[in-house]
Amino acid sequence: MKKYGFLLVIFISFGCSEKKGPTSSESYDQFIQILGIAQDAGYPQIACEKECCAAVFKGTRPSEKVSSIGVVDALSNQSYLFDATPDLTQQLHLLMTASAKQTGPDGIFLTHAHIGHYTGLMYLGRESLGASNIPVYAMPRMHSFIESNGPWSQLITLKNIQLKKIKQDSTLSLNSTLKVTPFLVPHRDEFSETVGYTINGKNKTALFIPDIDKWHKWERNIVEEVKKVDYALLDATFFKNGEIPRDMSEVPHPFIEETVALFKDEPLEVRSKIIFIHFNHSNPALNAENVERIGLERQGFRFAFEGMILPL
């Protein structure tokens, strides 16, 4: 792939952290890097006049990029993105810096067709990067959605991306020690199915579920799934019911309070595997000084932050 320059793009999107964990990747051959933690529409959110967003516009609180992670294998010089967000320009720069690469990623894994998870693909096209055959991994419905709808289909026509179909529960080996497995989760699947991913490194394993409906709707037991891995990056869109002025059943997600209740009787070893991610702008847990968040951290629960490194 050719070497390209990157444009700096600031994307502002969708009522508002102590950083615990390594932030340097120099000591690790394989690692996950957190590239963003916000819900699809970002933080601050468009047209939000509440204090949580006003503080960002005033410059007294930092903005947050949309939820995304990168996976880097330094020994094989490979790097991968999980979800292509509207903040792709900056996130790809972060990933390239962490992996010391001067080219684009070796692949992009998509979870589903909601705006914060695939629309960053637009920056790979002729108006921006003009990429060359970047592999984009997608489930069958997601594959068809991109293939059949512009402007995404143009990325295929111009060979900016190379669309690759993946199957649920079918493991893809990226090299001898790095493997990725998609699995279906229940969500609002208007245009595509929704998946989470299991990421297996040479030493550790991670679960990545940025979007899901309530845990009880899933055929798997989330407590048992977390026990199987070393890290569990879980949907934390909302903290509790009543957080936004609408019927929250229209946007079902497991509230942080609900997830915590499921794990309250588990040992610290299990609770500390959970790393919350994908926060709506209204979520008080975005604020590291929030009393409720601090209380959960004392119980062992963790909160993702941009730049966080998880060794694999």
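Residues numbered from 1 in each chain as written. Predicted model: local features only at pLDDT ≥ 70, side-chain atom pairs only at ≥ 80, totals over all residues. Heavy atoms only, no water.

For the rest of this paragraph, the subject is the pairing of strand β2 (residues 68-73). Along β2, six of the six residues are buried, which leaves the element largely enclosed by surrounding structure. The two faces of β2 match: S68, G70 and V72 on one face and I69, V71 and D73 on the other face are all buried. For strand β1 (residues 30-36) and β2, the ladder comprises six bridges, and the chain directions are antiparallel. Each residue of the ladder has a partner; that of Q30, found in β2, is D73. Bridge count between β2 and strand β3 (residues 78-82): five bridges; the pairing is antiparallel. Residue pairing across strands places V71 opposite Y80, the latter belonging to β3. Between the antiparallel neighbours β2 and β3 lie four residues, among them N77 with a positive phi of about 55°. (Buried < 20%, exposed > 50% of the residue type's maximum accessible area, 1.4 Å probe, protein only. Helix = DSSP H or I, 4+ residues; strand = E, 2+ residues; numbered from the N terminus. Pairing = 2+ DSSP bridges.)

Next up on the list: helix α9 (residues 291-298). Looking only at α9, the buried set comprises R293, L296 and E297. All buried residues of α9 project into a common sector of 100° when viewed along the axis, lining one side. Those residues of α9 that are exposed and angled more than 90 degrees off the buried face are V291 and R298. Against the buried residues of α9 lie α7 (256-263) and β13 (302-303). One side-chain oxygen at the N-terminal end of α9 lies 3.0 Å from the backbone nitrogen of E292; it belongs to N290. Backbone geometry just after α9 places G300 at a positive phi near 110°. (Arc of directions from axis to C-beta. Contact = heavy atoms within 4.5 Å. Polar contact = N/O pair within 3.5 Å; in protein donor to acceptor, adjacent residues only side chain to side chain.)

It is worth spelling out the pattern of salt bridges at this point. On inspection of all chains with the given rule, the structure shows 13 salt bridges. In the salt-bridge network here, residues are joined through shared partners; they are D169, R220, E225 and K228. (Salt bridge = Lys/Arg side-chain N within 4 Å of Asp/Glu carboxyl O.)

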